[in-house]
Amino acid sequence: MRISGSYLQWLLFLLIIQYSNGCFENERNALLSFKHSITFDAFNSLSSWGGSRDDDDCCKWKGIGCDNTTGHVVALHLGSQDLQGEISPSLLHLPFLNFLDLSFNEFDTIPSFIGSLNNSVHLDFSHNTYLFGNVVPPHLGNISTLKYLHLGNSLELKVVDTLEWISHLSSLEYLNMDSVDLHSVSDWLQSISKLSLLRTLSLSSCSLPSPPSSLLHINSSSFLQHLSLQYGNIATFPLLNLWLNQSYFLQYLDLSGNVLVGGDKDIKFLRHLDKLKILDLSSNSFSFNFSQLILSCEKLIEILRLNDNKIVGSLDDTIEFNSIRELKLENNQLSGSLPDMSTMLSLQILAIGNNHFHGNLMGSNIGHLSNLKFLDVSSNSLNGAISEISFSNFSKLDVLILSDNSLTLNLDTHWIPPFQLRGLGLRSCELGPKFPNWLHTQTKLDTLDVSNNGISDLFPQWITNLSNLRYLIASQNRIRGKLPNIPSTFNLLVDFSNNLLEGPIPNNYSGLFTLNLSKNKLSGTISFLCTNISVWLCQLDLSNNFFTEKIPECLGKFKYLYSLNLANNNFFGEIPLSIGHSDTMESLHLRNNRFYGEFPVSLQNCTSLLVLDLGNNYLTGGIPASIGESLKELKILCLDSNELKGSIPINICQLQSIQIMDLSSNHLSGSIPTCFNSLMTKYDEWMPSMETYGIVDSLEEVFFDYEWLMWKGIEVE
């Protein structure tokens, strides 16, 4: 059919009229409807949308992308805006929309109508924190044009029964479903394997069910370049072989945090991946010899993470990795001396802590690594002297961890380092008897560990000037004087335990998450805790000091307090009922004080308790039956050396997890319950851990719980 020139002119005239304001009216109205469905706009991101007559051109609105030729709306860039509300179906009136980014917002559902956006190429709904328990709509499978789909890291988003719909996305090149619950989806492997053009696949923390063995030989995309199955519950090598033996272009492989157990034979698949640049096998149970690690990509490999396994051998072969930027091998069983590292000039991150390396640290030419930003050699047997010249090339250094070796730091008092550190771990480096003066130059520090260094100095004034500090550990020294006034911005962890500090606790210590001042000579009041109640206080240890007062009632207002230790002081009075208001409490030590009255019934609310020690006080009355009925997680129960009387309640037999129970030196009577014959009497460590820049060991002591036990008439810790 021939169209006359006059008709084309008329059609062009109509288009000019409709688009005279730089925006098609129906698309402008659709965007305004979308705006009206938003109930909260944290950053006023949509304030430019139709606020006045001058704002008629929707192509100039924030987050809107239009085609330069036709003027149609083709893209919505609304990620990271903290938007709340509904996703309006008015988006269906944007017929040319092909790019939709609603990531990092707070939408509570992915509506099924999204599957009718027939021209979509890019959809991103990731990191929407309010998608609790919502289901991924299978209607997404209708968008045959889709190349990019990101649904990852939204809390408790799930797929129900089947993932078959995803196999219809024949154009898909990028798929990220991190943290999407797939535990009930038995056909996940079969469905995803049909995506023949897939280049990026990320299924981290998806609770993947094991596929039937009949599916372990189906074809998958040979174009795959990026594969992440982190914390994916992948325990079988046949499943890995399915992806890896057919992925000729693979550059990124992350299998960390699974339950993979394997030796030299099980890592042979790595020999075929000759384009690999990033390999992460961390946090598994691999036990191969490092010298048997044959990588056909050793000239290309840039990031190698093998930490937290059981790998043995030496590092002699790492000299071949001359392109490597990150080498993480901490928490293994590697040994030997360090090789010549002068060939690895691109290295930025080197983490080899908690192994069995020995020999001279600086003899490895590690000082030549001028691009180094992160260095962790802690918990080895390395030796040698470290002087100012050792650090002269480290101008980019950001984190330095030398803890627990046999290193000697010969640093001049007036030395000014070439770096500005954020994290510094120097535990057991024999720094004393003075505080190293050069530390005051590190104004960006937020983590500092100088514990067990023989420091017998006063706290220097410059400590209060380190305004970025969040973790400060100076335990196991002989530091004298009064507690320093910590920066007002400090809100995480202070550990000054096992020193010679005295006097009161300053008021600005009340806002911390973790406070350990045990084994000092502190006195005064702890009512400072009530002046600025931090609901986030998690651990408080003031044991082995000289506090003499009643426990303030405000301790019950710390809703996340899981460990409270006030043992070995002179606290008196009745144990406040408020302490029993915390259902998160896991450890409570009030031993060796002067508490009187009956066992506080409110403790029955502390259903998470693992350790309860009220020994060596003046408690009266009987042992309440509620201990066995409510505190069923208890591992350690110590009520010894009080004035309790009556019989032992039979309900105590409900403590199925108990390992230590001490009821001695009371006035109990009656028969001993027969269930006591089966109680375990071994000691079990309770040691939650915290990690900051890999300075793990420095912080674990803060959380190490201990118990005083009467053993053959002698009380021991």
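Keep in mind that what you see is a predicted model, and the values were worked out from it rather than measured. (Residues numbered from 1 in each chain as written. Predicted model: local features only at pLDDT ≥ 70, side-chain atom pairs only at ≥ 80, totals over all residues. Heavy atoms only, no water.)

Peer 1: Outline helix α2 (residues 25–36), supporting the account with residue identities and numerical values.
Peer 2: If you check α2, its first and last C-alpha atoms are 16 Å apart, about what 12 residues at 1.5 Å a residue would give, namely 16 Å. Buried within α2 we find Glu27, Arg28, Ala30, Leu31, Leu32 and Phe34. (Helix = DSSP H or I, 4+ residues; strand = E, 2+ residues; numbered from the N terminus. Expected span 1.5 Å × (residues − 1). Buried < 20%, exposed > 50% of the residue type's maximum accessible area, 1.4 Å probe, protein only.)

Peer 1: Break down the side chain of Asn128 for me, with residues and values.
Peer 2: Along the chain, Asn128 falls in the loop between β6 (122–124) and β7 (148–150). Overall, Asn128 belongs to the buried group, its relative accessible area being 1%. When near neighbours in sequence (up to four residues on either side) are disregarded, Asn128 contacts Leu102, Ser103, Phe104, Asn105, Glu106, Phe107, Asn153, Ser154 and Leu155. (Contact = heavy atoms within 4.5 Å.)

Peer 1: Could you give an account of the pattern of salt bridges, with specific residues and numbers?
Peer 2: Counted by the stated rule, this structure contains 11 salt bridges. In this structure, Arg591 and Asp640 form a salt bridge, with 2.5 Å as the shortest nitrogen-oxygen distance. Separated by 49 residues along the polypeptide, Arg591 in the loop between β34 (587–589) and β35 (594–598) and Asp640 in the loop between β38 (636–638) and β39 (645–646) bring together distant segments of the chain. Residue Arg591 is classed as buried on the basis of its relative accessible area of 2%. Sharing partners across several salt bridges, the network here consists of Asp280, Arg305 and Glu326. (Salt bridge = Lys/Arg side-chain N within 4 Å of Asp/Glu carboxyl O.)

Peer 1: If you had to explain the state of the cysteines to someone new, which residues and values would you point to?
Peer 2: Under the definition given, this model contains three disulfides. Disulfide pairing is shown between Cys59 and Cys66; the S-S distance is 2.1 Å. Judged by the torsion about the S-S bond (-95 degrees), the Cys59/Cys66 disulfide is left-handed. Here Cys530 pairs with Cys554 through a disulfide, and the sulfurs are 2.0 Å apart. In this structure the cystine formed by Cys530 and Cys554 twists about its S-S bond by roughly -80 degrees; its chirality is therefore left-handed. On the criterion of sequence distance, the pair formed by Cys530 in the loop between β30 (521–522) and β31 (539–541) and Cys554 in the loop between β31 and β32 (563–565) is long-range, its members being 24 residues apart. Look at Cys530 and you get partly exposed, because its relative accessible area is 32%. (Disulfide = S-S within 2.5 Å.)

Peer 1: Explain the packing of aromatic side chains to me, and be specific about the residues and the numbers.
Peer 2: Within the structure shown, the criterion is met by 14 aromatic pairs. Between Phe34 and Trp49, the ring centres sit 6.2 Å apart and the planes meet at 40 degrees, which makes this aromatic pair tilted. With Phe34 in helix α2 and Trp49 in the loop between β1 (38–41) and β2 (64–66), this pair connects stretches of sequence that are 15 residues apart. Residue classification places Phe34 among the buried positions, given a relative accessible area of 0%. In this structure Trp49 comes out as buried when scored by relative accessible area, which is 1%. (Phe/Tyr/Trp six-rings, centres within 6.5 Å; stacked < 30°, edge-to-face > 60°.)

Peer 1: So what's going on with the pairing of strand β21 (residues 381–387)? Which residues, and what values?
Peer 2: Where burial is concerned, the two faces of β21 differ: the one with Leu382, Gly384 and Ile386 is buried and the one with Ser381, Asn383, Ala385 and Ser387 is not. As paired strands, strand β19 (residues 356–360) and β21 are joined by three bridges and run parallel to one another. Paired with Gly359 across the two strands is Leu382, which belongs to β21. Sheet topology places β21 next to strand β23 (residues 406–410); five bridges connect them, and they run parallel. Bridge pairing in β23 places Ile386 opposite Leu409. (Pairing = 2+ DSSP bridges.)

Peer 1: Just give me the short version of the nonpolar core, but keep the residues and values in it.
Peer 2: Leu253 and Leu402 are the most contacted members of the largest nonpolar core, which totals 185 residues. For this core, the elements supplying multiple residues, two or more each, are α2, β2, β3 (73–77), α3 (188–192), β21 and β23. When residues in this core are grouped by element, the largest group, four residues, is from α2. Ignoring anything within four residues of it in the chain, the contact list for Leu402 reads Leu361, Val377, Ser378, Ile386, Phe391, Leu407, Leu409, Gly425, Leu426 and Cys429. Leu610, Val611, Ile636 and Cys638 belong to the second largest nonpolar core, which has five residues in total. (Core = buried A, V, L, I, M, F, W, Y, C linked by side-chain atoms within 4.5 Å.)

Peer 1: Lay out the sheet that holds strand β17 (residues 335–337) with the relevant residues and their values.
Peer 2: The four strands are arranged β17-β19-β21-β23 in an open sheet whose pairing can be described as parallel. Among the strands making up the open sheet, the edge pair consists of β17 and β23. Taken over all neighbouring pairs, the strand axes of this sheet differ in orientation by 20 degrees on average, direction set aside. (Axes fitted to C-alpha atoms, helices over the stretch in contact; angles between N-to-C directions.)

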